[in-house]
Amino acid sequence: MRLISLIFFVVLGYGEDSFITKEEYAKMLYHNPRGIGCHKCHGEYGQGEVLGRYKESNRTIIIKAPNITNLSFKKFYEALTNGKHRLMPHYFLTLQEIKTLYFYLKSSKHKSLKR
Ligand code: HEC
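Residues numbered from 1 in each chain as written. Predicted model: local features only at pLDDT ≥ 70, side-chain atom pairs only at ≥ 80, totals over all residues. Heavy atoms only, no water.

A. Quick look at the nonpolar core. Ranked by size, the top nonpolar core spans 14 residues in total, and within it Tyr30, Phe76, Leu80, Leu93, Leu101 and Leu105 carry the most contacts. For this core, the secondary-structure elements that each account for two or more residues are α2 (22-31), α4 (73-81) and α5 (95-107). Setting aside residues up to four positions removed in sequence, Leu101 forms contacts with Leu29, Tyr30, Cys38, Phe76 and Leu93. (Core = buried A, V, L, I, M, F, W, Y, C linked by side-chain atoms within 4.5 Å. Buried < 20%, exposed > 50% of the residue type's maximum accessible area, 1.4 Å probe, protein only. Helix = DSSP H or I, 4+ residues; strand = E, 2+ residues; numbered from the N terminus. Contact = heavy atoms within 4.5 Å.)

B. Just the pattern of salt bridges, in detail. Applying the stated criterion across every chain, the model contains two salt bridges. Residues Arg34 and Glu97 are paired through a salt bridge, measuring 2.8 Å at the closest nitrogen-oxygen approach. One end of the pair, Arg34, is in the loop between α2 and α3 (39-42); the other, Glu97, is in helix α5, and 63 residues separate them in sequence. Taking the relative accessible area as the measure of exposure, Arg34 reaches 54% and is therefore exposed. In this structure, Glu78 and Lys74 form a salt bridge, with 3.3 Å as the shortest nitrogen-oxygen distance. One end of the pair is Glu78 and the other is Lys74, both in helix α4 and four residues apart, which spans about a single turn. Using a relative accessible area of 58% as the deciding quantity, one classes Lys74 as exposed. (Salt bridge = Lys/Arg side-chain N within 4 Å of Asp/Glu carboxyl O.)

C. Molecular detail of the packing of α2 against α5. Across the interface, α2 lies against α5 with an axial gap of 9 Å and an inter-helix angle of 105°. It follows that α2 is roughly perpendicular to α5 by the angle criterion. Contacts between α2 and α5 involve Lys22, Glu23, Tyr25, Ala26, Lys27, Leu29, Tyr30 and His31 from the first element and Glu97, Thr100, Leu101, Phe103, Tyr104 and Leu105 from the second. Tallied by class, the residues present in the contact of α2 with α5 amount to eight nonpolar, two polar and four charged. (Axes fitted to C-alpha atoms, helices over the stretch in contact; angles between N-to-C directions. Parallel < 35°, antiparallel > 145°, perpendicular 65-115°, else oblique. Nonpolar A, V, L, I, M, F, W, Y, C, P; charged D, E, K, R; others polar.)

D. Fine view of α2. Listed in full, the buried residues belonging to α2 are Ala26, Leu29 and Tyr30. Along α2, the residues classed as buried sweep out an arc of 100° about the axis, all on the same side. Looking at the packing, one finds that the buried side of α2 touches α3 and α5. (Arc of directions from axis to C-beta.)

E. Structural context of the coordination of the iron atom of the ligand. Protein coordination at the iron atom of the ligand comes from His42 (NE2) and Met88 (SD), with a distance range of 1.9 Å. Given six donor atoms and angles of 87 to 179° at the metal, the environment of the iron atom of the ligand is assigned as octahedral. Here the residue His42 occupies a position in helix α3, and Met88 occupies one in the loop between α4 and α5, the gap between them amounting to 46 residues. (Donors = N, O, S within 2.8 Å, 3.2 Å for Na, K, Ca; no water. Tetrahedral: all angles 85-135°; square planar, octahedral: opposite > 155°, others 65-115°.)

F. Region of interest: a nonpolar patch on the surface. There is a patch of nonpolar side chains on the surface, built from Ile20, Tyr25 and Met28 and spanning about 270 Å² of accessible area. Since its relative accessible area comes to 43%, Ile20 is described here as partly exposed. (Patch = residues over 30% accessible without salt bridge, like charges linked within 9 Å, V, L, I, M, F, W, Y side chains within 5 Å. Areas by Shrake-Rupley, 256 points an atom, 1.4 Å probe, with all protein chains shown as cover.)

Here it is in structure tokens:
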């Protein structure tokens, strides 16, 4: 009997560890959305980042991933589902996942980083 309750507690304890908050889940998804992490191009908080530059007939062309912290949900959703982007990879996210990513970008307290 003692052994059984021990096992029970170990299992329960493990279960507790595996609970994560909505914030933690959202951050995780942003970094690992079944594909290359959003942060790699849009920056840690979605503030946008320069990906590269090159010269073309004496002009410097800057390639950047835009700031995605100020979009309406409609725009955000469309950008992730219409597949029309040129440089961004295509993702296969559920509506719930897109909502979670939007939540992450809106809730990150690092608003000072916004450009
Ligand atoms: C390889 C770099 C890269 C990755 C990774 C990436 N993006 Fe993008 N994203 C871009 C670029 C560049 C654009 C601008 C449109 C274009 O040229 O594709 C863009 C555009 C967008 C837009 C539209 C912005 C607007 O102003 O309309 C949204 C929303 C967006 N990305 C969200 C995400 C999310 C969420 C993820 C992760 C699931 C992600 N992106 C991953 C590079 C990236």
